[in-house]
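So you can see what is in the structure, the chains are spelled out below.
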Amino acid sequence: MSSSDAPLSVDILRPSAMGPIADVDPRDTPGFDGGKSAGKAIRKARGEVLADLQERLYAHGRSGDPRSVLLVLQGMDTSGKGGIVRHVMGMVDPQGVSHASFGKPTDEELAHHFLWRIRKKVPAAGQIGVFDRSHYEDVLVVRVHELVPHDVWASRYDTITEFERELVRTETTVVKVFLHISHDEQRDRLARRLDRPDKYWKYNPGDVDERRYWSAYQEAYQAVLDRTDIDEAPWFVVPADHKWFARLAVTEILIEALSHLDLRWPAPDLDVDVEKKRLAES
Ligand code: ATP
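Residues numbered from 1 in each chain as written. Predicted model: local features only at pLDDT ≥ 70, side-chain atom pairs only at ≥ 80, totals over all residues. Heavy atoms only, no water.

1. Some details on the site of the ligand
As a reminder of what qualifies: In these notes, residues near a molecule or strand are those with any non-hydrogen atom within 4 Å of it. The term polar contact refers here to a pair of N or O atoms within 3.5 Å; inside protein, the definition further demands a hydrogen-donor-capable atom paired with an acceptor-capable atom, and it admits residues adjacent in sequence only when both atoms are side-chain atoms. Reported accessibility uses the Shrake-Rupley method at a 1.4 Å probe radius. Residues are deemed covered only where the shown protein chains occlude them. Amino acids outside the nonpolar list (Ala, Val, Leu, Ile, Met, Phe, Trp, Tyr, Cys, Pro) and the charged list (Asp, Glu, Lys, Arg) are all regarded as polar, and Gly is one of them.
Taken together, 13 residues surround the ligand, and among them Gly103, Lys104, Arg117, Arg133 and Glu137 come closest. A distance of 3.2 Å separates an oxygen atom of the ligand from a polar side-chain atom of Asp77. Contacts to the ligand include Gly103, whose backbone N or O atom sits 3.2 Å from a nitrogen atom. Expressed as a share of its isolated accessible area of 640 Å², the protein-covered part of the ligand is 64%. A breakdown of the residues in the shell around the ligand according to their chemical character gives five nonpolar, one polar and seven charged.

See below:
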């Protein structure tokens, strides 16, 4: 399988193609007409393509190429961000992946600009960085709960796009994924956590309180898509009630992003024939 054998075209997941999120069915599987078992099998096969591209990126990084990739994952509680990290990023060499999750800011972080903690975690050359939540929380939870005055969070959309343009200028490819689940699916996922002793640890009573703000969060997500979907750092709306589809879609989004980097294996900076001879004689 090569990077061009894509099982779905990720362009149809752009917000402009998907339309308002209120009209998107989270159970949908846009662009893919196979079911769960086909989707899982294809993702595993595509994992090899992803792993090959990631290794090339890593090799370039080791050869002085500054390029990196940043995957931003956003979504409501239980939307499957952790599963993407395990099942999609789990298909590539962990040496080439840097992972950062952004929870409630510490007092120290709050004393700084909201991008302070984010800048510290942008991926190094050759790495695929994954943000599990991100700077977008500063216009999501912060907006929904009015944690700062309106004019402060309202000015952040432009600050964020400027920040992301700066990342792109310094050779970081930025792709952003909104994992879109339904209110009912979230209830089922939370209920499953209460049914299984091995999942109790994941259950957070605060998640139930947050469900009361569901529509405010949907509005905040729509505003994010309206204000920060730029071609340099695109958003993708991924229906996520089917975990297998979300994982397949994110695999394809990463393959597409890496393919654009045209990653041939870096040329050796040594004389291969001389080294072969030296080795044979050693
Ligand atoms: P998750 O819900 O992502 O699986 P979790 O339940 O383990 O993770 P944490 O990672 O500790 O929780 O924190 C996530 C919480 O932190 C979310 O409720 C999120 O809204 C909140 N959070 C993240 N960034 C901010 C921010 N800038 N200001 C306030 N709250 C934030």
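2. Some points on the environment of Lys243
Definition in use: Segments assigned H or I by DSSP are reported as helices when at least four residues long, segments assigned E as strands when at least two residues long, and all are numbered from the N terminus. For every residue, the accessible area obtained with a 1.4 Å probe (protein chains only) is divided by the maximum for its type, and the residue is called buried under 20%, exposed over 50%, and partly exposed between those limits.
Within the element layout of this structure, Lys243 appears in helix α12 (residues 243–259). A residue is classified by how much of its surface remains accessible, and Lys243, at 37% relative accessible area, is partly exposed. Each C-alpha atom of the pair Lys243 and Ser98 lies 22 Å from the other, and the pair is 145 residues apart in sequence.

3. A look at the packing of helix α8 (residues 156–169) against helix α11 (residues 214–228)
Two numbers describe a pair of packed helices, the interaxial angle and the distance between the axes. In plain terms, the rule: Interaxial angle, 0 to 180 degrees, is taken between N-to-C directions of lines fitted to C-alpha atoms, where a helix line uses only the stretch in contact. We call two directions roughly parallel when the angle between them is under 35 degrees, roughly antiparallel when it is over 145, roughly perpendicular when it lies between 65 and 115, and oblique otherwise. Here is the rule for handedness: rotate from the far helix to the near one, and if that takes an anticlockwise turn smaller than a right angle the crossing is left-handed, while a clockwise turn gives right-handed. Any pair of residues with heavy atoms lying within 4.5 Å of one another is described as a contacting pair.
Two elements in contact, α8 and α11, have axes whose closest approach is 10 Å; the angle formed by their N-to-C orientations is 50°. Comparing the axis directions of α8 and α11 gives the class oblique. Where α8 crosses over α11, the two elements pack in a sense that is right-handed. Contacts from Tyr157, Asp158, Ile160, Thr161 and Glu164 in α8 reach Ala223, Val224, Arg227 and Thr228 in α11. Considering only residue class, the contact of α8 with α11 consists of four nonpolar, two polar and three charged.

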